[in-house]
Amino acid sequence: MSNKDDANVFLMVIKGVTLTVLISLICVLVFALIVKFTSLSYAVIKGVNQFLKIFSIFIGTFFSVKGKLGFVKGALVGLFSTVITLILFSLIGGEGVSQASFFIDTLFGTIIGLVCGVIAVQRKGQEE
């Protein structure tokens, strides 16, 4: 890969991470308002939070990743956005995250990003 290709990959990943983190923050804030006014069980809250993670990574990856190596670019978007959102939400919530939870969430986010990167590249390849 040339320096131009490297810069392009870097910009795609930055765009994807930024979009993912923004969508995640918005979705979590809206969901927090819903939780405040309803009496949802912990299982429902946990399930919705997992869905919001997947949804955010999918949207961020889908609208930023193109070209070859979609799985690598998607995995990077998933990895970095998961780490950033875990740190942000830990700071906002004032609670730490266990090492095991951090590892599992980061691995999960990376795998979701990888899959979404493949989907994004395949979908965009069919449109061209």
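The preceding data block contains the structure.
This section reports on the structure supplied with the text. Predicted model only: the values in this text are computed from it and were never measured.

## Digging into the environment of F51
Among the structural elements, F51 can be located in helix α2 (residues 42-62). When the C-alpha positions of F51 and V30 are compared, they lie 14 Å apart, and in sequence the two are 21 residues distant.

## Observations concerning the layout of surface pockets
In this approach the atoms are scanned with a rolling probe the size of a water molecule, which exposes any empty space left behind. Of the voids in this model, the largest pocket is the one considered here, and its volume is about 1,000 Å³. Residue lining of the largest pocket: 32 residues in total, with V28, N49, K53, L86 and F89 positioned closest to the centre. If one sorts the elements of the lining of the largest pocket by residue count, α2 sits on top with 9 residues. Of the residues in the lining of the largest pocket, the class split is 15 nonpolar, 13 polar and 4 charged.

## A look at the packing of aromatic side chains
Going through the model one piece at a time under the given rule, you end up with 3 aromatic pairs. Ring centres 5.4 Å apart and planes at 25 degrees place the aromatic pair F58 and F62 in the stacked group. Placement of both F58 and F62 in helix α2 is noted, with a separation of 4 residues, approximately one turn of the helix. Judged by relative accessible area, F58 falls into the partly exposed class, the value being 28%. Residue class for F62 comes out buried when judged on its relative accessible area of 18%. Clustering of aromatic rings is evident, with ring pairs tying together F58, F62 and F63.

## Thoughts on the side chain of S56
You can see S56 is positioned in helix α2. The exposure class assigned to S56 is buried, which follows from its relative accessible area of 1%. At 2.8 Å, the side chain of S56 and the backbone oxygen of L52 are in polar contact.

## Looking at the nonpolar core
Residues V9, V13, V17, V21, V65 and V77 constitute the largest nonpolar core, which totals 6 residues. If one sorts the elements of this core by residue count, helix α1 (residues 3-37) sits on top with 4 residues. Those residues in contact with V13 that sit more than four places away from it in its chain are K73, L76, V77 and F80. Core analysis: the next-biggest nonpolar cluster, separate from the first, contains 5 residues, I23, C27, F31 and I59 among them.

## Regarding a nonpolar patch on the surface
A surface patch of nonpolar side chains, amounting to about 930 Å² of accessible area, comprises L69, F71, V72, F103, I104, L107, I111, L114, V115, V118 and I119. At the level of elements, α3 (70-93) and α4 (99-127) are the ones that each hand at least two residues to the nonpolar patch. Top contributing element to the nonpolar patch by residue count: α4, with 8 residues. With respect to the helices, strands and loops of the structure, F71 is situated in helix α3.

What counts and how
- Residues numbered from 1 in each chain as written.
- Predicted model: local features only at pLDDT ≥ 70, side-chain atom pairs only at ≥ 80, totals over all residues.
- Heavy atoms only, no water.
- Helix = DSSP H or I, 4+ residues; strand = E, 2+ residues; numbered from the N terminus.
- 1 Å grid on protein atoms, 1.4 Å probe; cavity = no way out; pocket = protein on both sides within 12 Å on 5 of 7 lines; lining within 4 Å.
- Points joined across faces, edges and corners; volume = space filled by probe spheres on them.
- Nonpolar A, V, L, I, M, F, W, Y, C, P; charged D, E, K, R; others polar.
- Phe/Tyr/Trp six-rings, centres within 6.5 Å; stacked < 30°, edge-to-face > 60°.
- Buried < 20%, exposed > 50% of the residue type's maximum accessible area, 1.4 Å probe, protein only.
- Polar contact = N/O pair within 3.5 Å; in protein donor to acceptor, adjacent residues only side chain to side chain.
- Core = buried A, V, L, I, M, F, W, Y, C linked by side-chain atoms within 4.5 Å.
- Contact = heavy atoms within 4.5 Å.
- Patch = residues over 30% accessible without salt bridge, like charges linked within 9 Å, V, L, I, M, F, W, Y side chains within 5 Å.
- Areas by Shrake-Rupley, 256 points an atom, 1.4 Å probe, with all protein chains shown as cover.
- Salt bridge = Lys/Arg side-chain N within 4 Å of Asp/Glu carboxyl O.

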